[in-house]
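Working through the structure, step by step
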Amino acid sequence: MARRYDPDRRQRIIDAAIRVVGEKGLTGLSHRSAAAEADVPLGSTTYHFKTLDELMVAALRQASEGFAEVVASRGGLEDPPPDLAAELAGCLGEWLAGDRTGVELEYELYLAALRRPALRPVAAEWADDVARQIARHTDPVTARALVALMDGICLQVLLTGVPYDEEYAREVLARMIPRPRS
């Protein structure tokens, strides 16, 4: 039997892995579950992703694009925003108001890096990218602190079910941003 050319198969497997994690959690993800969800032979998943960690890295890399897309679509971190704290709080609000499953999935994969060292560099990429964008408007140490605070706010919203309070987020983010000296 001839091999069927399927240039989108790798991407379909990644998309399927993301759906599996969204539905069943990280413990539900295996080469077999991703293959079944993508409707491809099991050998296809192991061909494209030798290990489950490789598949998780690809899924995390794709899932972590959600926040970056919100930041890019708003454009507020390109030019100096008049109110950096308000812009960051707005980005968080827009992201958290979007596809909740995607946000939860992103954090589930992000936190999986605690136990799976292969995921750590990808998880760090997200924080590094956001910190680099923020550092154009403040110093690098403050940028890192703002990212950590934003992470904490998001985790609290996800874990407690309390609705996101954009005004609160703006206020606490503003407290971390040094005021210009007069």
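The rules behind each value
- Residues numbered from 1 in each chain as written.
- Predicted model: local features only at pLDDT ≥ 70, side-chain atom pairs only at ≥ 80, totals over all residues.
- Heavy atoms only, no water.
- Helix = DSSP H or I, 4+ residues; strand = E, 2+ residues; numbered from the N terminus.
- Buried < 20%, exposed > 50% of the residue type's maximum accessible area, 1.4 Å probe, protein only.
- Contact = heavy atoms within 4.5 Å.
- Phe/Tyr/Trp six-rings, centres within 6.5 Å; stacked < 30°, edge-to-face > 60°.
- Salt bridge = Lys/Arg side-chain N within 4 Å of Asp/Glu carboxyl O.
- pLDDT = per-residue confidence, 0-100.
- Arc of directions from axis to C-beta.
- Axes fitted to C-alpha atoms, helices over the stretch in contact; angles between N-to-C directions.
- Parallel < 35°, antiparallel > 145°, perpendicular 65-115°, else oblique.
- Left-handed = near helix turned anticlockwise from the far one by under 90°.
- Nonpolar A, V, L, I, M, F, W, Y, C, P; charged D, E, K, R; others polar.

So, on to the overall build of the protein. When its secondary structure is counted, the protein shows 10 helices and 0 strands. From first element to last, N terminus to C terminus, the protein shows the α and β order α-α-α-α-α-α-α-α-α-α. Principal-axis analysis of the C-alpha atoms gives the protein an extent of 75 × 30 × 30 Å. Every one of the 182 residues in the protein was classed for burial, and the buried ones make up 43%. Once local pairs closer than 6 in sequence are excluded, the contacts in the protein between residues at least 24 apart make up 64%.

Moving on: the packing of aromatic side chains. Where two aromatic rings form a pair, the distance of their centres and the angle of their planes describe that pair. Evaluation of the coordinates by the stated rule reveals 5 aromatic pairs. Relative to tyrosine 110, the ring of tyrosine 107 has its centre 5.6 Å away and its plane inclined at 85 degrees; by these criteria the two rings are edge-to-face. Highlighted residues: tyrosine 107 and tyrosine 110, both in helix α7 (residues 100-112), separated by 3 residues, approximately one helical turn. Connected via pairs of aromatic rings, a cluster forms that spans Phe67, Trp95, Tyr107, Tyr110 and Trp126.

One pass over the structure, following the stated rule, counts 12 salt bridges. Aspartate 6 serves as the salt-bridge partner of arginine 12, at 3.0 Å between the closest nitrogen and oxygen. With its nearest N and O atoms 3.2 Å apart, the salt bridge here joins arginine 74 to glutamate 94. Here arginine 74, found in helix α5 (residues 65-74), pairs with glutamate 94, found in helix α6 (residues 84-97); they are 20 residues apart in sequence, far enough to count as distant. Put simply, Asp6, Arg9 and Arg12 are held in one network by salt bridges that share partners.

This part takes up unusual backbone geometry. Notably, aspartate 39 is not glycine yet its phi reads approximately 60 degrees, a positive angle. The residue aspartate 39 is located in the loop between α2 (31-38) and α3 (42-48) in this model.

A few words now on the confidence of the model for the protein. Mean pLDDT over the protein works out to 88, with 97% of the residues at or above the 70 mark. Ranking the elements of the protein by mean pLDDT puts α7 last, at 81, and helix α10 (residues 166-176) first, at 97.

Let us now look at α5. Residues separated by three or four positions in an α-helix point in the same direction, a consequence of the helix having 3.6 residues per turn. Taken together, the buried positions of α5 are occupied by Phe67, Val70 and Val71. Seen from one end, α5 has its buried residues packed into an arc of 95 degrees, which puts them on one side. Seen from the buried face of α5, the exposed residues on the opposite side, beyond 90 degrees, are Glu69, Ala72 and Ser73. As for α5, its buried residues are in contact with α6, α7, α8 (120-135) and α9 (140-160). Downstream of α5 by a residue or two, glycine 75 has a phi angle that is positive, lying close to 70 degrees.

Attention shifts here to the packing of α9 against α10. Contact geometry of α9 with α10 gives a least axis separation of 10 Å together with a crossing angle of 155 degrees. Comparing their axes, α10 and α9 come out roughly antiparallel. Once α9 is placed against α10, the crossing between them reads as right-handed. Only Ala169, Val172, Leu173 and Met176 of α10 make contact with α9, whose side of the interface consists of Thr142, Ala145, Leu146, Leu149, Met150 and Ile153. Tallied by class, residues from the contact of α9 with α10 come to 9 nonpolar, 1 polar and no charged.

Once that is clear, we can look at the packing of helix α1 (residues 9-24) against α2. Following both chains from N to C, one finds α1 and α2 inclined at 110 degrees, their axes separated by 8 Å at the closest point. When the interaxial angle is binned, α1 and α2 end up roughly perpendicular. Along its contact with α1, which presents Arg12, Ile13, Ala16, Arg19, Val20 and Glu23, the element α2 presents Ser33, Ala34, Glu37 and Ala38. Of the residues belonging to the contact of α1 with α2, the class tally is 5 nonpolar, 1 polar and 4 charged.

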